[in-house]
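What follows is each chain in one-letter form.
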Amino acid sequence: MRFDIDEIRGLFPVLHQEVHGRPLVYFDNAATTQKPKAVIEALSKYYQHDNSNIHRGAHTLADRATRYYEETREAIRDFINAKESAEVIFTKGTTESINLVAKTFGNRFIGKDDEILISTMEHHSNIVPWQMLCEEKGAHLKVIPITEEGEIIWDEFEKLLSPKTKLVSIVHASNALGTINPVKKIIEAAHNVGAKVLLDGAQSTSHLEIDVQDLDCDFLAFSAHKLYGPTGLGILYGKRELLEAIPPFLGGGEMIKEVTFEKTTYNEIPFKFEAGTPNIADVIAFKEALEFINSWGKTQIKKHEDELLAYANELTKDIKGFIPVGTAAEKVAVLSFNINGMHPFDVGQMLDARGIAVRTGHHCTQPLMHRFGIEGTVRASFAVYNTKSEIENLAEGIARIARIKNK
Amino acid sequence: MSSIAAIQDEIVSEFEILGDDRESTIFYIMELGGNLADFPKEEQKDENLIKGCQSKVWLIAKEENGKVRYLADSNTDITKGLISLLIRVLDNRTPEEILSADLNFIDRIGMGNLIGSQRSNGLAAMIKQMKFYALAFQTKLNA
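As the structure is a prediction and not an experimental result, all values here were calculated from the model.

Student: Can you lay out the overall build of chain B for me, pointing to particular residues and giving the numbers?
Tutor: From N to C terminus, chain B includes six helices and two strands. Ordering the α and β elements of chain B from the N terminus gives α-α-β-β-α-α-α-α. With respect to the three principal axes, the spread of C-alpha positions in chain B is 50 × 30 × 25 Å. Counting all 143 residues of chain B, 48% fall into the buried class.

Below you can see the structure in the form of structure tokens.
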């Protein structure tokens, strides 16, 4: 489909409202994206027509709900080009996906004095689970340093890699800076020392083409709600041989093959990792979000977002007092910045007065903020439905705010 | 010195001049922060921080001729503006006046809608702490 911004905006009901008497400009997409009408309607349709618990139902509704649920799994498989849909596991979100790997893979494969590598730009969700694991196992967490621009220092990464490295868990695209990490190279280098790689794809999957077979990552974690889908739904991709080799995460219904009081045998993947009644409605509705993305194509989406970011950079670069944070050569559409002499929270509130929604603070990346010696940033993050005139509005707002302290 | 009620009326009419222009109103609140008296650097310590504020707010108070004198500071300009309004209303008054003050200007300005829920919670925490100081001085003065 030819890229048509008006048509795309027409698909998102929430965008058509005023905030404080001004048209809403939604630039908080890295926190969560808005949902197209098809997703909202699918949720409603499910509860009105199809609601039923899935798997093992002898009746028509259960059969229908199961079919729709599994169709989403297949759509995700296709979206990330996994070999088979059994490698796609539903979770609550990226955070749970990473914790699942930490508890299961970590339990089985990480031992005393083993090393786990992460980078300075990780979200707390990709730091804390590994700290907990390291504490439990007597393993060590090593951190890849970054440059002033917000890029991984390759030589330092290579120096940290060793036969002790059992896992590299790294963000594909940074939520706070936008940096796209050279993950294919990272994965290859990690595999060369025998380490497995988990990719935190929370911020990359909506912007970049993802092919897990080409990347050869061992795990990929991401969230539906940052991909125009519902909240409360995450995905963990894992290679079959790994998923089979690791123990289950939670115990309960669905994940078993047979239970006796003496012994329980576990179900096949992916069900082994999906204990309890899952988030059926949101899974089913998520398929519509994927179809929305596929219908426009990531190539066009990325091109549009890149143009927005380039335009934002162009309009802000000469504003006196404007300090960009994260200027990597390869970025997703995130403009993170500070204004000299001003607190990010104040800047965010002043932009809100213009109807512009941004996020302010440490973005759950406190170690990264420490690296730059700042408390936080203002982050404007762009999505497929944003426009150049919205960027102009943002730049005008920033210029007006910056003048207060930078005459 | 005008009564607490009169000062609140003054503040409300100043905000009324700004009308519905939200951006100008927030700029104005920030400017008000500039009215705060200098806060001693050495008092910017954790024990003077007000709990419940997302931004950092330091508040100290002393008793002077039976009246409470406040000094406050913050790391954000909007918050500074908010404190400056509270100080304008409550500073240099007796503990009794402070404790019985009905701070209706906040609702009359529509401050909650203007600054959002996080800062509103912070503002409530500031008022609580200011009244707490007044109560402590009242107890001391009556002892």
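Student: Tell me about the environment of I98(A), residues and numbers included.
Tutor: Residue and element names in this part refer to chain A. Tracing the backbone through its elements, the reader meets I98 in helix α4 (residues 94–109). Residue classification places I98 among the buried positions, given a relative accessible area of 0%. The sequence separation of I98 and I127 amounts to 29 residues, and the corresponding C-alpha distance is 9.7 Å. Setting aside chain neighbours within four positions, we find I98 in contact with S125, N126, P129, W130, L198, D200 and A221.

Student: Outline the interface of chain B and chain A, supporting the account with residue identities and numerical values.
Tutor: Tallying the contact residues gives 17 residues for chain B and 17 residues for chain A. Summing both partners gives a buried area of about 1500 Å² for chain B against chain A, and 54% of it is carried by carbon and sulfur. On the chain B side of the interface with chain A, the three residues burying the most area are R22(B), E23(B) and F27(B), jointly 39% of the side's total. A salt bridge links K405(A) to D77(B), with the shortest nitrogen-to-oxygen separation between them at 2.6 Å. For the pair chain B and chain A, the interface holds eleven residue pairs in polar contact (both at pLDDT 80 or more). Among the elements of the structure, α2 (22–32), α3 (77–90) and α6 (111–142) of chain B are those that each provide at least two residues to the side of chain B that touches chain A. It is α2(B) that provides the largest number of residues to the side of chain B that touches chain A, a total of six residues.

Student: Explain the confidence of the model for chain B to me, and be specific about the residues and the numbers.
Tutor: The pLDDT averaged across chain B works out to 92; a share of 98% of its residues lies at or above 70. Model confidence for the complex: the whole-complex pTM is 0.93, and ipTM, which rates the interface, is 0.87.

Student: Break down the pattern of salt bridges for me, citing the residues and quoting the values.
Tutor: Enumeration over the complete set of coordinates arrives at 41 salt bridges over all chains. Close ionic contact of K303(A) with E307(A) constitutes a salt bridge, the shortest N to O distance being 3.3 Å. With K303(A) and E307(A) both in helix α11 (residues 298–316), this residue pair falls four residues apart, about one helical turn. Residue K303(A) is classed as exposed on the basis of its relative accessible area, which comes to 53%. Note on E307(A): relative accessible area 37%, which makes it partly exposed. Between E64(B) and R69(B) there is a salt bridge, with its nearest N and O atoms 3.5 Å apart. For R69(B), a relative accessible area of 27% translates into the label partly exposed. Through salt bridges that share partners, R22(A), R354(A), E396(A), R400(A) and E23(B) make up one connected network.

Student: A description of the nonpolar core should follow, citing residues and the corresponding values.
Tutor: If you look at the biggest cluster of nonpolar residues, it comprises 72 residues, and the most contacted ones within it are I80(A), F157(A) and V168(A). Among the elements that make up this core, the one with the highest residue count is helix α10 (residues 280–296) of chain A (eleven residues). The residues contacting V168(A), other than those within four sequence positions of it, are L117(A), F157(A), L161(A), I186(A), A190(A), A195(A), K196(A), V197(A) and L198(A). A333(A), M342(A), F15(B) and A125(B) belong to the second largest nonpolar core, which has 71 residues in total.

Student: Requested: an account of unusual backbone geometry, with residues and values cited.
Tutor: All names here are of chain A. The omega torsion of the bond from I269 to P270 falls at 5°, within 30 degrees of zero and hence cis. Positive phi is not limited to glycine here, since N81 has a value of about 55°. Tracing the chain through its elements places N81 in the loop between α3 (60–80) and β4 (88–91). Phi is positive for E254, close to 75°, though the residue is something other than glycine. Here E254 shows up in the loop between α9 (240–245) and β11 (256–259). The exposure class assigned to E254 is buried, which follows from its relative accessible area of 12%.

Student: Describe in detail the side chain of S97(A), supporting the description with residues and values.
Tutor: With respect to the helices, strands and loops of the structure, S97(A) is situated in helix α4. In this structure S97(A) touches T91(A), A221(A), G234(A), I235(A) and L236(A), once residues within four positions along its chain are discounted.

Student: Please give an account of the packing of helix α1 (residues 4–18) of chain B against α2(B) that cites residues and values.
Tutor: All names here are of chain B. Put simply, α1 and α2 touch, their axes get as near as 9 Å, and they point 140° apart. Compared by their axis directions, α1 and α2 come out oblique. In terms of crossing hand, the pair formed by α1 and α2 is right-handed. In this structure, α1 contributes E14, F15 and L18 to the contact, and α2 contributes S24, T25, Y28, I29 and L32. Of the residues belonging to the contact of α1 with α2, the class tally is five nonpolar, two polar and one charged.

Basis of the calculations
Residues numbered from 1 in each chain as written. Chains lettered and ligands numbered in written order. Predicted model: local features only at pLDDT ≥ 70, side-chain atom pairs only at ≥ 80, totals over all residues. Heavy atoms only, no water. Helix = DSSP H or I, 4+ residues; strand = E, 2+ residues; numbered from the N terminus. Buried < 20%, exposed > 50% of the residue type's maximum accessible area, 1.4 Å probe, protein only. Contact = heavy atoms within 4.5 Å. Buried area = accessible area lost by both parts, 1.4 Å probe. Salt bridge = Lys/Arg side-chain N within 4 Å of Asp/Glu carboxyl O. Polar contact = N/O pair within 3.5 Å; in protein donor to acceptor, adjacent residues only side chain to side chain. pLDDT = per-residue confidence, 0-100. Core = buried A, V, L, I, M, F, W, Y, C linked by side-chain atoms within 4.5 Å. Axes fitted to C-alpha atoms, helices over the stretch in contact; angles between N-to-C directions. Parallel < 35°, antiparallel > 145°, perpendicular 65-115°, else oblique. Left-handed = near helix turned anticlockwise from the far one by under 90°. Nonpolar A, V, L, I, M, F, W, Y, C, P; charged D, E, K, R; others polar.

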